[in-house]
Amino acid sequence: MQARDLLDVDDLTPEELRQLLADAHRMKASGYRGQELAGTTWALIFEKPSLRTRATLDIAVYELGGHPLYLDQKGVGLGQREPVRDVAKNLERWVGGIAARVYRHRTLEELAEHADVPVVNALSDRAHPLQALADAMTLEEAFGDLKGLRVAWVGDGNNVLASLAKVLAPLGAELVAAIPEGYEPEEELPLEVVRDPRQAVQGADAVYTDVWTSMGQEEEAERRRRDFAGFTVDLALFEEAKPTAAFLHCLPAHYGEEVTEEVVYHPRSRVFDQAENRLHAAKAALRFLVGAR
Ligand code: CP
Ligand code: NVA
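Right, let's walk through the structure included here.

With that settled, the discussion passes to the sheet that holds strand S1 (residues 41-46). If you trace the four strands from one edge of the open sheet to the other, you get S2-S1-S3-S4, paired in parallel fashion. Two strands close off the open sheet at either side, each with one partner strand: strand S2 (67-72) and strand S4 (119-121). Averaged over all pairs of adjacent strands, the angle between strand axes in this sheet comes to 20 degrees, irrespective of strand direction. Relative to strand S3 (residues 97-101), S1 runs parallel, the two being bridged by five bridges. For Ile45, the partnering residue across the bridge sits in S3 and is Ala100.

The subject of this paragraph is unusual backbone geometry. Going from Leu251 to Pro252, the amide bond is cis rather than trans, its omega being 5 degrees. Here the phi dihedral of Leu123 falls at roughly 120 degrees; this positive angle occurs in a residue that is not glycine. Mapped onto the elements, Leu123 comes out in the loop between S4 and helix H6 (129-143). Judged by relative accessible area, which is 6%, Leu123 ranks as buried. Look at Leu251: it is not a glycine, yet its phi comes out positive at around 65 degrees. Mapped onto the secondary structure, Leu251 falls in the loop between strand S9 (246-249) and helix H11 (261-264). For Leu251, a relative accessible area of 12% gives the class buried.

A few words now on helix H1 (residues 14-30). With 17 residues, H1 ought to run about 24 Å at 1.5 Å a step, and its terminal C-alpha atoms sit 24 Å apart, in line with that. Among the residues of H1, Glu16, Leu17, Leu20, Leu21, Asp23, Ala24 and Met27 are the ones counted as buried. Projected down its long axis, H1 carries its buried residues within an arc of 155 degrees, all on one side. H1 presents Arg26, Ala29 and Ser30 as exposed residues on the side facing more than 90 degrees away from its buried surface. Looking one or two places after H1, you find Gly31, whose phi comes out positive at around 65 degrees.

So, about the packing of H1 against helix H12 (residues 271-289). Pairs of packed helices are described in terms of their axes, by the angle between the two and the distance that separates them. At a closest axis distance of 8 Å, the pairing of H1 and H12 adopts a crossing angle of 125 degrees. Between H1 and H12, the interaxial angle falls into the category oblique. As for the relative orientation of H1 and H12, their crossing is right-handed in sense. Contacts between H1 and H12 involve Glu16, Leu20, Asp23, Ala24, Met27 and Lys28 from the former and Glu276, Asn277, His280, Ala281, Lys283, Ala284, Ala285, Arg287 and Phe288 from the latter. When grouped by side-chain class, the residues that make up the contact of H1 with H12 number seven nonpolar, two polar and six charged.

Here the structure, examined in full by the defined rule, presents seven aromatic pairs. A centroid spacing of 5.7 Å and a plane angle of 40 degrees characterise the contact between Phe46 and Tyr70, whose relative ring orientation is tilted. One end of the pair, Phe46, is in strand S1; the other, Tyr70, is in strand S2, with 24 residues separating them in the sequence. Residue Phe46 is classed as buried on the basis of its relative accessible area of 2%. For Tyr70, a relative accessible area of 28% translates into the label partly exposed.

This brings us to H12. Taking 1.5 Å of rise per residue, 19 residues should cover 27 Å, and H12 covers 27 Å from first to last C-alpha, within 8% of that figure. Along H12, the sharpest kink reaches roughly 30 degrees, centred on Asn277. By the criterion of burial, H12 is predominantly enclosed, with 15 of the 19 residues buried. Two residues or fewer past H12, Gly291 is found with a positive phi of approximately 85 degrees.

Space inside the largest pocket adds up to approximately 480 Å³. Looking at the largest pocket, it is lined by 21 residues, and the ones nearest its centre are Asp125, Gly157, Asn158, Glu186 and Gln217. The residue makeup of the lining of the largest pocket, split by class, is five nonpolar, seven polar and nine charged. As a volume, the second largest pocket reaches approximately 360 Å³. Forming the walls of the second largest pocket are 24 residues, and the residues nearest its centre are Arg101, Leu123, Met215, Leu251 and Pro252. In terms of residue class, the lining of the second largest pocket is made up of 10 nonpolar, eight polar and six charged.

What surrounds ligand 1 is the set Ser50, Leu51, Arg52, Thr53, Arg101, His128, Gln131, Cys250, Leu251 and Arg278. At a separation of 2.8 Å, a nitrogen atom of ligand 1 approaches a polar backbone atom of Leu251. The side chain of Arg278 places a nitrogen or oxygen atom 3.1 Å from an oxygen atom of ligand 1. With the chains in place, 96% of the 250 Å² that ligand 1 exposes on its own is no longer accessible. Class assignment of the residues belonging to the shell around ligand 1 gives a composition of three nonpolar, four polar and three charged.

What counts and how
- Residues numbered from 1 in each chain as written.
- Chains lettered and ligands numbered in written order.
- Predicted model: local features only at pLDDT ≥ 70, side-chain atom pairs only at ≥ 80, totals over all residues.
- Heavy atoms only, no water.
- Pairing = 2+ DSSP bridges.
- Helix = DSSP H or I, 4+ residues; strand = E, 2+ residues; numbered from the N terminus.
- Axes fitted to C-alpha atoms, helices over the stretch in contact; angles between N-to-C directions.
- Buried < 20%, exposed > 50% of the residue type's maximum accessible area, 1.4 Å probe, protein only.
- Expected span 1.5 Å × (residues − 1).
- Arc of directions from axis to C-beta.
- Parallel < 35°, antiparallel > 145°, perpendicular 65-115°, else oblique.
- Left-handed = near helix turned anticlockwise from the far one by under 90°.
- Contact = heavy atoms within 4.5 Å.
- Nonpolar A, V, L, I, M, F, W, Y, C, P; charged D, E, K, R; others polar.
- Phe/Tyr/Trp six-rings, centres within 6.5 Å; stacked < 30°, edge-to-face > 60°.
- Bend = angle between axes of the 7 residues up to and from the residue.
- 1 Å grid on protein atoms, 1.4 Å probe; cavity = no way out; pocket = protein on both sides within 12 Å on 5 of 7 lines; lining within 4 Å.
- Points joined across faces, edges and corners; volume = space filled by probe spheres on them.
- Near = heavy atom within 4 Å.
- Polar contact = N/O pair within 3.5 Å; in protein donor to acceptor, adjacent residues only side chain to side chain.
- Areas by Shrake-Rupley, 256 points an atom, 1.4 Å probe, with all protein chains shown as cover.

Right under this line is the structure:
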């Protein structure tokens, strides 16, 4: 039998998504520790740097009774020292599952095709599902049912936006994204695109932004800084949203670019709740992938 994988949020049916989120809330409330991964090792392969994803996957595996094995790109050389398929064919002989952070989404698909153990996307150029699950959890904590909630995105049409759109749509929230011309998402997503950040933010229940230059795009940083002028979420822009609006950011933040310090540290900022919820979302995702319900 092919293992279940989680390469993006839409690998889950809406019903599975709701169950996974409910599981995450329950585990957070109870401080859950389990043995679902007992006796198994999970490989955590990272081609790019990470704080939140690496830490929370490691802790999640540990809190479910398993052993996390961190493998960095310098050591493994995924697709360089040896082909992705060969890495997959080796790892599946030793581990219960693989989480991978990669430059090219195709690398994850190849891992999933060739390894007969669950593969989790720990961020690719296209998607960041573990982040989106934690974001949905954070919004549910703040607002309850997300039906009819208006979420504004300000910035790049990137991996975080793509997964956010795929988590919000089945939960009934509306997403309006202010994106400069030329930086729209490559794939069709359930959201409305506008050009003016104020138009997106006005009347929003939550305002979300992410870096203008993602990992792997460093050479474009200067051009992006020019093209994203006027897209900084500062206090004046944040105050255009509802007076009860929450602020979200997946972190790390590039202060003075997409956001200012006073917004990240605003009383209605939820960014550290998002970070906290990464752990519970990761635990729920791992439990789901090993068939624990
Ligand atoms: N938000 C997030 O994925 O952070 P890291 O890059 O530190 O893992
Ligand atoms: N869009 C960012 C998210 C980092 C968590 C990146 O891909 O670098």
